[in-house]
Amino acid sequence: MKRTVTALVVLSALAACAKPVAVAPIDAVVAPVLAAPASAEPLPPPDAPRATESRFPAGPGVALVADQLHALVRDRQITDPKRPYEERVAIAEKALGTKGEPIAEHVYDGVVFRAVSARTLVAPFGCTELVISRKTPAWTTRSADHRLCGLPYASDPSRPYGGPAPKRTAFRLDEALAEVGLLPPAVADFKATTKLGPAEYHENGESVWIGLAGRSKDAPISCRALRIGRQPRIEEVALAYCSLAWPMPGMSFEPGTKEAPIDMNAKLAECSSKCSANEICMLEQRLPSTAAFRQESDGSRARYPDGRAAKAEVVGSCVAIPSSCSTVTASCFFPPPPPPGAPPPFPGTATGPCPKVHHGGRAFLTTPSNHIVCTTRVGGPNPPPLTTTPPTPTAPATTAQKSKPTPFELF
């Protein structure tokens, strides 16, 4: 009895001396993990310099995920052309919780925010950047060089990726948890399935959804899991849950050969000088499958989605202007677009003067002068002929068949 009284006295004394501890409301517990900090503390600097280490040849990576950038540009404050550049940047930095990195390009001159994206056309993950321009009230989100996010390149960027890597980021898991975190388990499971699709795993009576997240202490990517059961929560889990590993087998940090820039204006001028008054210049862009031209500070380069330069060429030729055209417009060369709701034309049937074989697109441009631009997919593995039936994809395993990931699921 004496020991009990003494213990109570000691505990009472400690409680009297202790500082009060603030208890976070339940809303804070289920708030998105990746939300911007609410405090007025100074924002951290842009991502750390990309040091060269054995585990991180391109640096430690970035903390943001692409869905955060896409959510930000839906905010009208960012896209309001009446807002000054400095104000739009401040809004973005506050929302994302980090400072932008200065960027200077031919079109965009301002700041850039980079983020890891879920699986892309050619790789199990990607790098996305949001650029806010100083020159014009414009912004853009686009794919970026993988190394800028600390990531490696696919072994063959001309081949589509068909692996099981996550198709969503952890930001989507945070959104789902904020909606279902306080609901009964059965209702929460139903609503999460409605929002995210079927769960990837079922463990210990819980449904598990996975999402790709930004850098961790071990890799420039990480994996998060939303668990819906008795206690809804988001946890960081092993990369194997996301069918990933680090280092990532079959991928490399080697950027490949450097390609010289192409001066599009010079190509157009050369082509136009050879055309008569009754002809118009047509520039045919010949580049590999999945690659696209990107305007850079020293000219245009064809790049794959992961940022590596692709070998391409631009060939000019002259096309006769139909005698029925009093004013040269796109309708002189291409059929009108289908009405709303109508199916698009069959590939290769509405190309106008552009090559029909391996056709990749066409346009009629008026700047700096009237000309036609065609895209032809050449070099490397070409797309299949138009008459070829695409292969039927293999049906994925059902959620009931999947449990904890095993090494053979990495690919």
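Now for a description of the structure that goes with this document.

Rules behind the numbers
One numbering rule holds for all chains: residues counted from 1, following each sequence as written. With the structure being a predicted model, the display of local features is reserved for residues of pLDDT at least 70 and the display and counting of side-chain atom pairs for 80 or more, all residues being used for whole-chain, interface and lining totals. Just so you know, side-chain values use all the structure's heavy atoms and leave hydrogens and water out. Take the buried residues of types Ala, Val, Leu, Ile, Met, Phe, Trp, Tyr and Cys, join any two whose side-chain atoms come within 4.5 Å, and each joined set is a nonpolar core. Here's how the labels work: a residue is buried when its accessible area is under 20% of the maximum for its type, exposed when over 50%, partly exposed in between, all with a 1.4 Å probe on protein chains only. Here a strand is any run of E in DSSP of at least two residues, a helix any run of H or I of at least four, and the numbering for each starts at the N terminus. Contact definition: two residues touch when any of their heavy atoms are within 4.5 Å. A pair of Phe, Tyr and Trp rings is counted when the ring centres sit within 6.5 Å of each other, with Trp represented by its six-membered ring. The angle between the planes then sorts it: under 30 degrees is stacked, over 60 is edge-to-face, the rest tilted. Two cysteine sulfurs form a disulfide in these notes if their separation is within 2.5 Å. Think of a salt bridge as a Lys or Arg side-chain nitrogen and an Asp or Glu carboxyl oxygen that are within 4 Å of each other.

### Side note on the nonpolar core
And then number 1: Formed by 30 residues in total, the largest nonpolar core has its most connected members in Phe 125, Ile 221, Cys 223, Leu 239, Leu 244 and Trp 246.
And then number 2: Taken together, the elements giving at least two residues each to this core come down to β7 (206-213) and β8 (222-228).
And then number 3: The leading source of residues in this core is β7, at three residues.
And then number 4: Sequence-distant contacts of Leu 239, defined by excluding residues within four places in its chain, comprise Ala 219, Ile 221, Ser 222, Cys 223, Leu 244, Ala 245 and Trp 246.
And then number 5: Formed by 15 residues, the second largest nonpolar core is a distinct cluster that contains Leu 64, Val 73, Ile 78 and Val 89.

### Digging into the packing of aromatic side chains
And then number 1: Summed over the entire model, instances satisfying the criterion amount to three aromatic pairs.
And then number 2: For the pair Tyr 201 and Tyr 241, a centre-to-centre distance of 5.4 Å together with 80° between the ring planes defines the contact as edge-to-face. Highlighted residues: Tyr 201 in strand β6 (residues 201-203) and Tyr 241 in the loop between β9 (233-237) and β10 (251-252), separated in sequence by 40 residues. As far as the burial class goes, Tyr 201 and Tyr 241 line up, both buried.
And then number 3: Where Trp 246 meets Phe 253, the ring centres are 6.1 Å apart and the plane angle is 80°; that geometry is what we call edge-to-face. The burial state of Trp 246 is the same as that of Phe 253; both residues are buried.

### Quick word on the state of the cysteines
And then number 1: As enumerated under the stated definition, the model contains six disulfides in all.
And then number 2: Linked covalently through their sulfurs, Cys 271 and Cys 281 form a disulfide whose S-S length is 2.2 Å. In this structure the cystine formed by Cys 271 and Cys 281 twists about its S-S bond by roughly 120°; its chirality is therefore right-handed. Linking Cys 271 in helix α8 (residues 264-273) with Cys 281 in strand β11 (residues 279-287), this pair joins segments that are ten residues apart in sequence.
And then number 3: For Cys 281, a relative accessible area of 2% puts it in the buried group.

### Some thoughts on the pattern of salt bridges
And then number 1: Summed over the entire model, instances satisfying the criterion amount to 23 salt bridges.
And then number 2: Between Arg 172 and Asp 67 there is a salt bridge whose closest N-O contact spans 3.5 Å. With Arg 172 in helix α6 (residues 170-180) and Asp 67 in helix α3 (residues 66-73), the pair connects residues that are 105 residues apart, well separated along the chain.
And then number 3: Its salt-bridge partner being Glu 284, residue Arg 286 comes within 3.2 Å of it at the nearest N-O pair.
And then number 4: Since its relative accessible area comes to 26%, Arg 286 is described here as partly exposed.
And then number 5: Salt bridges here are not isolated pairs; linked through shared partners, they connect Glu 101, Arg 114, Glu 129, Arg 142 and Arg 294.

Distances and angles like these do not, on their own, reveal function.
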